Amino acid sequence: MKSIQKPIVSFLSRALEKRAKKFSKDHELTLLSPRDIRKSHKDKLVIWLLQEGIFLQDLSLKNSKPFSLNFQYPKEENNNKNLLQRCFSKFNLDYQVYDFTAGFCLDAFLISKLGFKINAFEKESWLFEFTREKLLKNKIDNIKLKNRNSLEVIPEVDSKSIIYLDPMFGIENKSFAKKEMHFLRKSLLDQPDELIESSLESKAELIVIKRHKIEKKKTSKAPSYELKGKVVTFQIFDRRKN
Ligand SMILES: C[S@@+](CC[C@H](N)C(=O)[O-])C[C@H]1O[C@@H](n2cnc3c(N)ncnc32)[C@H](O)[C@@H]1O
């Protein structure tokens, strides 16, 4: 089984210590001073409370820097991002989109740029708070992010809905992910099978699952079609009547 590293909370100035203390308490994470981190936790995942907001850093990576999120419209040559937009551009904007694996909402952002309104759900409370802050800062208001387990939401989904799932894939390999996803893959335990199967049992007429090319997992039902990119494949389950 994959081993998980809980991030440590810290702060760079005394003025932010109180905020960092509250953050660590709210999310049941360990709080350490920057000095303690330098002394004996040089390889850890850190959530920094800085003047500019919440930042993340994986100290085990050489030359790492604290990072925030960059919500960017994709450039033409970025295949993965365009593939996601190509996938959703085939669907009617009247459909409600449920992103049941919200994470940093980077995918939800791309989908929202097509004109969809998104209901996004993230189960991990620290991650929810981090992403919510970034959505607010960037004035992104067509993504409604909630801190809930998506399994509880599935019964509320009606037929005119699209469920989007981006499960964390289970294979450990540094070269496969950007620093943002690395941080999530190291810090979160994901058991996506139940979420995938329950989504397939839901009333939603459309379900889109993002798969990494090396992930060979099969679902109980076969997708209606797939969109294949260099690194990821989107599996589409289209249950619309006509
Ligand atoms: C690979 S990340 C998704 C990244 C996201 N697509 C993005 O663009 O940032 C998977 C996320 O799904 C969340 N997740 C997994 N199961 C969940 C559930 N049952 N309810 C809510 N969130 C869940 C994990 O905590 C993790 O943050």
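With that settled, consider the site of the ligand. In the neighbourhood of the ligand, 21 residues make up the surrounding shell, with E122, N149, S150, D166 and D190 lying closest. Take E122: an N or O atom from its side chain is 2.7 Å from an oxygen atom of the ligand. Coverage of the ligand by the protein amounts to 96% of the 610 Å² it exposes when considered alone. For the shell around the ligand, the class distribution of residues is eleven nonpolar, four polar and six charged.

This paragraph deals with the sheet that holds strand β4 (residues 96–99). Spatially, β6-β5-β4-β7-β8-β10-β9 is the arrangement adopted by the seven strands of the open sheet, whose pairing is mixed. Every interior strand has two partners, whereas the edge strands, β6 (143–146) and β9 (225–228), have only one. Direction aside, the axes of adjacent strands within the sheet are offset by 20° on average. Both β4 and strand β5 (residues 118–121) contribute to a ladder of three bridges, which runs parallel. Across the sheet, the residue bridging to D99 is A120, located in β5.

Turning next to the pattern of salt bridges. Evaluated as defined, the whole model comprises 16 salt bridges. Between E205 and K160 there is a salt bridge, with the nearest N and O atoms lying 3.5 Å from each other. Of the two residues, E205 sits in the loop between α8 (192–201) and β8 (206–212) while K160 sits in the loop between α6 (150–153) and β7 (161–165), which places them 45 residues apart along the sequence. For the salt bridge of K228 with E226, the shortest nitrogen-to-oxygen distance reads 3.5 Å. What you see here is one network of salt bridges that share partners, running through R19, E133 and K134.

Rules used in this analysis
By convention here, each chain's residues receive numbers from 1 onward along its written sequence. Per-residue local features are limited, in this predicted model, to residues with pLDDT of at least 70; the limit for side-chain atom pairs, both in listing and counting, is 80 or more; totals at the level of whole chains, interfaces and linings are taken over all residues. For the side-chain quantities, the full set of heavy atoms in the structure was used; hydrogens and water were omitted. It suffices for a single heavy atom of a residue to lie within 4 Å of a molecule or strand for the residue to be listed as near it. Here a polar contact is taken to be a pair of N or O atoms separated by no more than 3.5 Å, where protein atoms must pair a possible hydrogen donor with a possible acceptor and residues adjacent in sequence count only if both atoms sit in side chains. Where accessible areas are quoted, they stem from the Shrake-Rupley method and a 1.4 Å probe; at the residue level, only the protein chains shown are allowed to cover. The classification used treats Ala, Val, Leu, Ile, Met, Phe, Trp, Tyr, Cys and Pro as nonpolar, Asp, Glu, Lys and Arg as charged, and all other residues, Gly among them, as polar. DSSP calls a pair of strands paired once it identifies at least 2 bridges connecting them. Helix and strand assignments come from DSSP, with helices taken as H or I runs of at least 4 residues and strands as E runs of at least 2, each series counted from the N terminus. Here the axes come from fitting lines to C-alpha atoms, over the contacting stretch only for helices, and the angles between their N-to-C directions go from 0 to 180 degrees. By salt bridge we mean one thing: a side-chain nitrogen of Lys or Arg within 4 Å of a carboxyl oxygen of Asp or Glu.

Shape descriptors only; they carry no functional weight alone.
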